[in-house]
Amino acid sequence: MTPLLVTLGAIWAEIKASEARQNKRIDELRSDLKDGLGKLEAKVDHLIERHVGTTS
């Protein structure tokens, strides 16, 4: 292999590794967002229950 092909192969490998790291981070952020929305929903439900309980 020529040095150019070796260099291009190394660059390609780094790009693929970077894409994998980015995809993993995106998945982590989606999971965090889903967890955060679930917690927010629980808080809103609790506030609604408190409010409905005081107006009945």
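As a reminder, the structure under discussion sits directly above these lines.
Residues numbered from 1 in each chain as written. Predicted model: local features only at pLDDT ≥ 70, side-chain atom pairs only at ≥ 80, totals over all residues. Heavy atoms only, no water.

**Some details on the overall build of the protein**
Put simply, the rule reads: In this description a helix means any DSSP run of H or I spanning at least four residues, a strand means any run of E spanning at least two, and both kinds are numbered starting from the N terminus. For the radius of gyration, the atoms used are the C-alpha atoms, and the globule rule reads 2.2 Å times the number of residues raised to 0.38. In short, Shrake-Rupley with a 1.4 Å probe defines the accessible areas, and a residue's cover is counted only from the protein chains shown.
For the protein, the helix and strand inventory stands at one helix and zero strands. The C-alpha atoms of the protein give 24 Å as radius of gyration, which overshoots the globular expectation for 56 residues (10 Å, by more than 25%). The C-alpha extent of the protein, read off along each of the three principal axes, is 80 × 10 × 5 Å. Carbon and sulfur atoms make up 64% of the accessible area of the protein, which totals about 5,200 Å².

**Examining a nonpolar patch on the surface**
As a reminder of what qualifies: The residues that make up patches have over 30% relative accessible area and no salt bridge, and they are joined within 9 Å when like-charged or within 5 Å when they are Val, Leu, Ile, Met, Phe, Trp or Tyr. A side-chain nitrogen of Lys or Arg and a carboxyl oxygen of Asp or Glu constitute a salt bridge if their distance falls within 4 Å. Throughout, exposure labels follow a simple rule: accessible area from a 1.4 Å probe, protein chains only, divided by the maximum for the residue type, with under 20% read as buried, over 50% as exposed, and the rest as partly exposed.
A grouping of Met1, Leu4, Leu5, Val6, Leu8, Ile11 and Ile15 is seen on the molecular surface, where their side chains present a nonpolar patch of about 740 Å² in accessible area. In this fold, Ile11 is placed in helix α1 (residues 3-55). A relative accessible area of 44% means that Ile11 is categorised as partly exposed.

The analysis is restricted to geometry; functional conclusions fall outside its scope.
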